[in-house]
Amino acid sequence: MMSSGTEALAMITLNSIEQLANRLAELLTKLKDENEQLKKEAHSLRQKVSEKDLEHIREMKELQRTIERLERERMMLQKEKAQLDNQMKSVYDKLNALLPEQSEQGHNS
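Residues numbered from 1 in each chain as written. Predicted model: local features only at pLDDT ≥ 70, side-chain atom pairs only at ≥ 80, totals over all residues. Heavy atoms only, no water.

Caption draft 1: A look at the overall build of the chain. Of regular secondary structure, the chain possesses two helices and zero strands. Residues counted as buried form 0% of the 109 residues belonging to the chain. (Helix = DSSP H or I, 4+ residues; strand = E, 2+ residues; numbered from the N terminus. Buried < 20%, exposed > 50% of the residue type's maximum accessible area, 1.4 Å probe, protein only.)

Caption draft 2: Summary view of the pattern of salt bridges. Within the structure shown, the criterion is met by seven salt bridges. As a salt-bridge pair, Glu73 and Arg69 come within 3.0 Å of each other at their nearest N and O atoms. With Glu73 and Arg69 both in helix α1 (residues 4–98) and four residues apart, this pair spans about one turn of that helix. (Salt bridge = Lys/Arg side-chain N within 4 Å of Asp/Glu carboxyl O.)

Caption draft 3: Summary view of a nonpolar patch on the surface. Taken together, the side chains of Leu20, Leu24, Leu27 and Leu31 define a hydrophobic patch exposed on the protein surface, amounting to about 370 Å² of accessible area. Looking at the element boundaries, Leu27 is found in helix α1. By relative accessible area, which is 43% here, Leu27 ends up partly exposed. (Patch = residues over 30% accessible without salt bridge, like charges linked within 9 Å, V, L, I, M, F, W, Y side chains within 5 Å. Areas by Shrake-Rupley, 256 points an atom, 1.4 Å probe, with all protein chains shown as cover.)

Here you go:
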């Protein structure tokens, strides 16, 4: 048989182990809750990143469409400028043909 001192020591040790087990169970529950919260937060952040990626893709496509539109407008303006340059040259040549004497006189003076 155990002496009362040994029994008391065994009870203290059992109580200590039981308290430690309770603290560990509380800590485990707290860590599980925190883990679940972090999983939810990570999921939310992944959704936000996906939304931002889609937004970025849409903006890049819109930018590409704008660039293509501006390029078409630039080409059209270059064509119009070339036509105007040709018309101005034609008018200049016609005016120059009407005044050949003055042109020659200007060179002789």
